[in-house]
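If you want the building blocks of each chain, they are given just below.
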Amino acid sequence: QVHLVESGGGLVQPGGSLRLSCTASGSIFSVNDMGWYRQAPGKLRDLVATITKDGRANYGNSVKGRFTISLDNAKNTMYLQMNSLKPEDTAVYYCNAEIDTFARRIDSWGQGTQVTVSS
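First, a word on what this report is: a plain description of the structure on this page. (Residues numbered from 1 in each chain as written. Predicted model: local features only at pLDDT ≥ 70, side-chain atom pairs only at ≥ 80, totals over all residues. Heavy atoms only, no water.)

## Considering the sheet that holds strand E3 (residues 18-26)
Okay, so step 1: With respect to topology, four strands assemble into an open sheet ordered E1-E3-E8-E7, the strand pairing being antiparallel. One side of each edge strand has no neighbouring strand; the edge strands of this open sheet are strand E1 (2-7) and strand E7 (67-72). Averaged over all pairs of adjacent strands, the angle between strand axes in this sheet comes to 15 degrees, irrespective of strand direction.
Okay, so step 2: Sheet topology note: the E3/strand E8 (residues 77-82) ladder contains six bridges and is antiparallel. Paired with Leu18 across the bridge in E8 is Met82. (Pairing = 2+ DSSP bridges. Helix = DSSP H or I, 4+ residues; strand = E, 2+ residues; numbered from the N terminus. Axes fitted to C-alpha atoms, helices over the stretch in contact; angles between N-to-C directions.)

Below you can see the structure in the form of structure tokens.
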């Protein structure tokens, strides 16, 4: 059994900052690539950022220069530092991870955390 738990969402004013966290726990042998995705009401789920186990990051065009993804391999935890937030960043943010358990490789998703950018 593997779990991804996100935290750090909330309400913030335009131009503000938030930091999201995602921690993987359970019967984990190895956590491989991780990423953040978001889904706004009535829209498809979009890529925000991904990061490989060795720290190579990739960002969606709409967040480049404003968001930073990082990883603490020792804690199986991924972070998303979000700066200069805009109302269009409002969405449910989901954590995703490719995880090797002792039995198989799985693609795991968190339950999501709401980010609302509004004055």
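Following the structure, the description resumes.
## Digging into the environment of Tyr59
Okay, so step 1: You can see Tyr59 is positioned in strand E6 (residues 57-59).
Okay, so step 2: Sequence separation between Tyr59 and Gln1 is 58 residues; the distance between their C-alpha atoms is 29 Å.
Okay, so step 3: A polar contact is formed between the side chain of Tyr59 and the backbone nitrogen of Ile69, at a distance of 2.9 Å. (Polar contact = N/O pair within 3.5 Å; in protein donor to acceptor, adjacent residues only side chain to side chain.)

## A look at the pairing of E3
Okay, so step 1: Note: E1 against E3, six bridges, orientation antiparallel. Bridge pairing in E3 links Ser7 to Ser21.

## Side note on the state of the cysteines
Okay, so step 1: With the rule as written, the count across this model stands at one disulfide.
Okay, so step 2: A sulfur-sulfur separation of 1.8 Å characterises the disulfide bridge that pairs Cys22 with Cys95. Note on the Cys22 and Cys95 pair: the S-S dihedral is about -65 degrees, so by sign convention the disulfide is left-handed. Of this pair, Cys22 sits in strand E3 while Cys95 is found in strand E9 (residues 91-100), placing the two residues 73 residues apart along the sequence. The pair Cys22 / Cys95 is uniform in exposure class, with both members buried. (Disulfide = S-S within 2.5 Å. Buried < 20%, exposed > 50% of the residue type's maximum accessible area, 1.4 Å probe, protein only.)

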